[in-house]
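# Residue-level structural notes
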Amino acid sequence: MLFQPYTHTHTHRVSEVIGEFGRLYEQQYAVALFNKVRFDIEGGGGPQPQLLHRKVPLENRSIFSGAIFQFLEENKKWRNRFFFVPDTYNINYYDNKTSHERGLQPKGTINCAGYKVLSSMDQYWELLNNSLPGVKAKVGQSPILKCATQFPVILWHPYARHYYFCVATLKEQQKWFAVFQDCVRHTNDGLSEEDKVQTPAFTDAVRLYRQAHGHYGTWEMMCGTPPQILANLVMETLLPEIRELITPRLKGKMQERQRNWMLICDAVYSLVVRQAQAQYEAVVESCEAGRPPLEASIRTDMDQIITSKEHVTNKIKAAVLPKAEKLLKVSIQPYISSILEALMDPTSRGFTEVRDVFFRELVDMSKNTVNDGDKDKVGEHMEKISMLAFHPVKMQSCYEKVEVLSLDGLQQRFDVSSPSVFVQRAQILMREQMDNAVYTFEQILHQSLEGQGSEGLCNTIQRCQDRVLKKFDYDSSTVRKRFFREALLQIFIPYMLKQLTPSVASELPRFQELIFEDFSRFILVENIFEEVVLLSVMKDIMMAVKEAAVQRRHNLYRDSIVMTNSDPNLHLLGDSSTIDWAEEYGSGQAQGEKAADGDETAQRRRRLKQVVSMIQVDGTPVQVNESCLEVPSVGGIPEEEVEDQAASAQSSPDSVHQEPVNANGTSPKVKRKAPLPPVQPANNSTPALSNATESSWQDPESAASAIQSAIQQLEDAVQQEDSESLAEASEVPPETVAQVSTSSQVPREPRTQEETNPSSSEDVSSPLTRQEINDSETGKKEKVKD
């Protein structure tokens, strides 16, 4: 009922915002098209990259998969869900792994654009309390939800639905945190840099719209796809109106008011996104339909348009430059060096860590090649290294280096909302550089291995490594210098425009009269004004970055150092197809021969090898209560010798197959070449898969008692607060997520068909310990016998 009175108001607001944006987009579309055609004709300068670029980085790959406990708003319970992250970085979640493997539709999909990943409830309460003025938790009040463990992972969004997860160990929390951060980082970067017309037209239209409404400077919610960004643009105006209308109507306890507020925001945001998408697509379609005649006119009158633009630019320079230079001298120049240093230090540390991680991986491969040197071993390692840039956990140390970037004391002066805009941009560039280095090394090594035997592999790897690291250092310097210049412009230009616009805006219309009507669509005085302001500060920024390079600070190269034709034939390898190392040098050859003989099962496993092996070993029983798995790697496929052991154990009806266990209670990593056959649940126990263990969970009995005690306290609090919650909790046993931790040490008992059936899995407010599950099942069987 609270939401109904606002439906017509928000629809009108969406139409109003998108209508104004659409007019700006049409103007900027023609300007962007002119700039693109001019660039195609005249070309551009600048140093050429030395590393190759992979065109389709994640072809036939997925990112991550595993099980994690999720809090369900519908019944206010924690349930174990299976999560799968494909190459789109949109997170799909299922009831269990079997549902995913059967190709069923996911229970839901999370697009992480605009989200923040939180690892503590205190962070979440602070953001939640600030979202609705007047509705804040007091000291001693019960929160909106109670986390079942001390290791939560929360996805928070200022407008959309929040997602709550928890795990049993710190290591698992760190792993899932890295995965979700990677999803946020990728989905935030939703604008294609390959489109040289639509993307600049869109970003300029959004910027001009916000400037027209007094919002200068960086914007944190400039993230996601164009419809999502437009929805954020609408909500920026709409949210205060929602607060004013809804807040007086919210009734009940503090928790209920917070919950209702989040539900209303999510409902409004979902509607805004859908409407923004439909209206934006209509605007783009209209502009694309008029593109051919526009482009023909540009190509015909290119020289006249350029001449006319230069004439108007000179006139605007004469009026604007004196004011801009005065502002520059007083308010900009004193801060350039300090801001540049604040950007350079953490960013350069991050790129250095990228280089170190890449180098360590190659050193490990060289060491293993020395001990057991053949091409199969090289292919096995290269299959892992090939996706290094997209490994969330291994890249996390690189991303953390730049997250310390701080612009304290400058945010208010230059209207910088948050350094997160620059942090995420630097992290994306770091990932691109890592993938370029890996891809270049792949191509050079693959070419060097052709026709070479097993001897001298270490020397070959070393030569390829040296060539790639040299190219990486050069490209790293080039990319960082460009990033520093762009970041400084993003900080200073909005500030200068905000200061100069009041005194210049009244003079700009008279310059429009100097432009021929035929060229007025391609020359806008507002754009020329911004270009003049940019040129006024660009000289000082270029000098500051150049001085840093001359002093060799942070391993920056001087502009005079240009690597030309250092590897003239290397670019020819850039068009090569993706190398399947496992297929060419690993066990994939044997499987390929079997598949060539017409074995459909072998063909299927060969196709799934690059995808399914990232989820679980094909043929193993479904693990309903498993913890998260390692990041995808073909190296996780079982070896033949372990398959033989499993087959022999399966052939004996009385035998119980168990994997070897180390002294610390964990299973050693065993690599296998072919998937294990399905283990019979009646005679074999399945060791749990979890490589995230903590010292406090080593003893299963103490872990179970600790979890029981914590959950009992949690339930007592719930019982005192809400009798209805007690009624719901009484339907399900009250123990909690101890199975996630204890499953990593305690082998599972034989499973019945009911246990592995996905339809029999229940929602749990607190997951059971392994021992208690076994006791419960034993008690049920005894009752049936009686």
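Above: the structure in question.
Let me sum up the structure you'll find in this document. Please read these numbers as outputs of a predicted model, since none were measured by experiment.

About the thresholds
Residues numbered from 1 in each chain as written. Predicted model: local features only at pLDDT ≥ 70, side-chain atom pairs only at ≥ 80, totals over all residues. Heavy atoms only, no water. Helix = DSSP H or I, 4+ residues; strand = E, 2+ residues; numbered from the N terminus. Polar contact = N/O pair within 3.5 Å; in protein donor to acceptor, adjacent residues only side chain to side chain. Contact = heavy atoms within 4.5 Å. Axes fitted to C-alpha atoms, helices over the stretch in contact; angles between N-to-C directions. Parallel < 35°, antiparallel > 145°, perpendicular 65-115°, else oblique. Left-handed = near helix turned anticlockwise from the far one by under 90°. Nonpolar A, V, L, I, M, F, W, Y, C, P; charged D, E, K, R; others polar. Salt bridge = Lys/Arg side-chain N within 4 Å of Asp/Glu carboxyl O. Buried < 20%, exposed > 50% of the residue type's maximum accessible area, 1.4 Å probe, protein only. Core = buried A, V, L, I, M, F, W, Y, C linked by side-chain atoms within 4.5 Å.

## Things to note about the environment of Glu400
In this fold, Glu400 is placed in helix α11 (residues 392-402). On a C-alpha basis, the gap between Glu400 and Glu353 in space is 9.7 Å, while along the polypeptide they are 47 residues apart.

## Considering the side chain of Gln70
Mapped onto the elements of the fold, Gln70 is located in strand β1 (residues 64-72). A polar atom in the side chain of Gln70 sits 3.4 Å from the side chain of Arg81. The contacts of Gln70, once residues within four sequence positions are left out, are Lys77, Trp78, Arg79, Arg81, Phe83, Tyr93, Arg161, Tyr163, Tyr164 and Phe165.

## Re the packing of helix α12 (residues 420-449) against helix α13 (residues 457-504)
It is the contact of α12 with α13, at a shortest axis distance of 9 Å, that shows an interaxial angle of 155°. Taken together, the axes of α12 and α13 lie roughly antiparallel to each other. The two elements α12 and α13 meet at a crossing, and its hand is right-handed. Taken together, the residues of the contact of α12 with α13 break down into 18 nonpolar, 7 polar and 3 charged.

## Quick word on the pattern of salt bridges
Within this structure, the stated rule accounts for 25 salt bridges. Residues Arg207 and Asp204 are paired through a salt bridge, measuring 3.1 Å at the closest nitrogen-oxygen approach. Here Arg207 pairs with Asp204, and both are found in helix α5 (residues 198-212), just 3 residues apart, close to one helical turn. By relative accessible area, Arg207 is classed as partly exposed at 29%.

## Points about the nonpolar core
Membership of the largest hydrophobic core comes to 166 residues, with the highest contact counts inside it found for Tyr25, Phe358 and Phe441. No other element matches the 22 residues that helix α9 (residues 302-371) contributes to this core. Apart from residues no more than four positions distant in its own chain, Phe358 is found in contact with Leu388, Met434, Ala437, Val438, Phe441, Val468 and Leu469. Counting 17 residues, the second largest nonpolar core, distinct from the first, contains Met121, Tyr124, Cys147 and Met262.

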